[in-house]
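Analysis of the macromolecular model
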Amino acid sequence: MNPTLLRLERALKNSSLLSQWEAGFIESLHQQFEKRGSLSDRQLEFLTRIEQDKLSDDARETSQVWQNNY
C-alpha cells in the first residue's frame, strides 16, 4: 500500500485527536488522493504538520498530561 495512503488512513483512524477542521481537512486529502493518486507538496506539508502536532507520540503524551491536569 502507498505510504501516503497509509498516513492518511492512520490520521482518519485517530481523527478523535484532531479538531473538526483538521479531521475534515484530512478527509478531503484522502478523497483527493483516492481520485488523483497523489497530493501536492503543500498538502503533504500540512499532513506532516498535523501528524507532528496532534498524532505523534509526543503530542499524544502532552495531550494526556494536559487532560489529566485540567
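Below or above, wherever it landed, is the structure these notes cover.

Parameters at a glance
Residues numbered from 1 in each chain as written. Predicted model: local features only at pLDDT ≥ 70, side-chain atom pairs only at ≥ 80, totals over all residues. Heavy atoms only, no water. Helix = DSSP H or I, 4+ residues; strand = E, 2+ residues; numbered from the N terminus. Contact = heavy atoms within 4.5 Å. Salt bridge = Lys/Arg side-chain N within 4 Å of Asp/Glu carboxyl O. Polar contact = N/O pair within 3.5 Å; in protein donor to acceptor, adjacent residues only side chain to side chain. Buried < 20%, exposed > 50% of the residue type's maximum accessible area, 1.4 Å probe, protein only.

A look at the environment of lysine 54
- Along the polypeptide, lysine 54 turns up in helix α3 (residues 41–55).
- When neighbours within four sequence positions are excluded, lysine 54 is seen to be in contact with Leu17, Leu18, Ser19, Glu22, Ala59 and Arg60.

Side note on the pattern of salt bridges
- All chains considered together, the criterion is met by 3 salt bridges.
- Here glutamate 45 and arginine 42 are joined by a salt bridge, their closest N and O atoms 3.0 Å apart. One end of the pair, glutamate 45, and the other, arginine 42, are both in helix α3, 3 residues apart, so they sit about a helical turn from each other.

Some points on the side chain of glutamate 51
- Inspection of the secondary structure puts glutamate 51 in helix α3.
- In terms of polar contacts, glutamate 51 uses its side chain to reach the side chain of arginine 7, at 2.6 Å.
- If near-sequence neighbours (up to four positions away) are discounted, glutamate 51 is found in contact with Arg7 and Ser56.

Overview of the environment of alanine 11
- Position of alanine 11 among the secondary structure elements: in helix α1 (residues 3–13).
- Residue alanine 11 is classed as buried on the basis of its relative accessible area, which comes to 1%.
- Residues alanine 11 and glutamate 51, 40 residues apart in the sequence, show an inter-C-alpha distance of 7.3 Å.
- Residues contacting alanine 11, with those up to four places away along its chain left out, are Leu18, Ile26 and Leu55.

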